[in-house]
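A look at the structure
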Amino acid sequence: MIQARDVSKEYVDGDGTRVRVLDGMSLDVAEGEFVAVVGSSGSGKSTLLHLLGGLDVDYRGELAVGGVKLRGMGDKALARFRNAHVGFVFQSFHLIPNLSAVENVLLPSHFGAAPADARKRAEALLERVGLGAKKDRAPVRLSGGERQRVAIARALFNQPKLLLCDEPTGNLDAATGSGVISLFQELHKEGLTLLCVTHEERMSAAAGRVLRLKDGRLVEERAGSQVAAGGAP
Ligand SMILES: Nc1ncnc2c1ncn2[C@@H]1O[C@H](COP(=O)(O)OP(=O)(O)OP(=O)(O)O)[C@@H](O)[C@H]1O
Ligand SMILES: [Mg+2]
């Protein structure tokens with residue numbers, strides 16, 4: 001699902017100095033894997049997700065996601081790629097405040113041709129994440145965990161094969177975060193590939209494999225064959 005080869009990424013600071021965040025990083029994620037990525041603040045985790053999601057095209061090395069080589073794709077092709085292959089979930093939900101839950105889930109249908117059954121599908125997704133009864137609520141009238149579940153439903157709208165998550169439980173209390181982790185475990189069992197940046201122990205325990213981003217590269221923190229106590233089967 002993901003192949004990254006020798007990927008390097010530098011930012012240019014305000015004063016013109018170049019800061020290398022990723023340094024010859026490689027990554028292979030098979031279809032259906034649930035991988036957690038950990039690492040200290042500033043180690044480049046969000047940078048990595050932006051590259052994998054085709055949101056940042058300024059890098060060296062090779063990236064392929066879902067069999068699509070990202071190098072050399074134009075803006076339109078990248079937008080199509082994102083729409084077809086990738087769902088994003090962020091720490092801060094990124095919901096549109098003046099739209100209801102179901103309208104937020106429907107947002108991806110506004111890019112490209114909306115399927116005729118779009119609203120039904122959006123409602124079904126909200127049912128799926130346990131929010132069927134609250135589909136017409138605005139985000140301000142939802143709890144943090146509920147907002148994140150709306151964001152997850154929206155990320156799933158285009159039926160992506162890959163979900164990229166950036167600290168999806170970072171703004172949630174422990175109990176609410178557990179709900180999101182269980183939802184990810186269910187989605188993983190249904191075959192979705194998940195790459196989750198997290199500081200949450202229980203999230204990494206639920207993942208099949210844990211990678212640490214350190215000095216610009218990914219190193220295995222826990223290999224796929226082991227299953228942590230209380231982790232996913
Ligand atoms: N647009 C930018 N311009 C310059 N430097 C940047 C830019 N974005 C990120 N950086 C720097 O790159 C490094 C990696 O940032 P990144 O956001 O990927 O870290 P992170 O691992 O996600 O951290 P956190 O856990 O705090 O979210 C940091 O040192 C950051 O200051
Ligand atoms: Mg980050």
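Heads up: the structure comes first, above all this text.
One numbering rule holds for all chains: residues counted from 1, following each sequence as written. Going through the entries in the order they are written, you letter the chains from A and number the ligands from 1. Predicted model: local features are reported for residues with pLDDT of at least 70 only, side-chain atom pairs are reported and counted for 80 or more only, and whole-chain, interface and lining totals are derived from all residues. Neither water nor hydrogens contribute to the side-chain values; these are computed over all heavy atoms in the structure.

**Overview of the packing of aromatic side chains**
Pairs were defined over the aromatic rings of Phe, Tyr and Trp, the Trp ring being its six-membered one, requiring ring centres within 6.5 Å. Orientation was assigned from the angle between planes: stacked under 30 degrees, edge-to-face over 60, tilted for the rest. Tallied over the full model, the rule gives one aromatic pair. Taking 5.9 Å as the distance between ring centres and 5 degrees as the angle between the ring planes, the aromatic pair formed by F88 and F90 counts as stacked. Taking NZ or CZ as reference, R71 lies 4.3 Å from the ring centre of Y59, over its face. Two limits define a charge over a ring: the Lys NZ or Arg CZ must be within 6 Å of the ring centre, and within 35 degrees of the ring normal. Taking NZ or CZ as reference, R121 lies 4.5 Å from the ring centre of F157, over its face.

**A few points about the site of ligand 1**
Only heavy atoms are used to decide nearness, and a residue is near a molecule or strand if one of them lies within 4 Å of it. Y11, V21, S40, S41, G42, S43, G44, K45, S46, T47, E167 and H199 make up every residue found near ligand 1. Think of a polar contact as two N or O atoms within 3.5 Å of one another; within protein, one of them needs to be a possible hydrogen donor and the other a possible acceptor, and neighboring residues in sequence only count if both atoms come from side chains. Measuring from an oxygen atom of ligand 1, one finds a side-chain N or O atom of S41 at 2.6 Å. Contact distances for ligand 1 include 2.7 Å between an oxygen atom and a side-chain N or O atom of K45. Isolated, ligand 1 exposes 640 Å² of accessible area, and the fraction of that covered by the protein chains is 59%. Helical segments are the DSSP runs of H or I of at least four residues, strand segments are the runs of E of at least two, and each set is numbered from the N terminus. With three residues, helix α1 (residues 45-52) is the single largest residue contributor to the shell around ligand 1. Under the grouping applied here, Gly and all other residues not named as nonpolar or charged are polar, the nonpolar ones being Ala, Val, Leu, Ile, Met, Phe, Trp, Tyr, Cys and Pro and the charged ones Asp, Glu, Lys and Arg. When its residues are assigned to classes, the shell around ligand 1 shows two nonpolar, eight polar and two charged. Only the protein chains shown count as cover for residues, with accessible areas throughout obtained via the Shrake-Rupley method and a probe of 1.4 Å.

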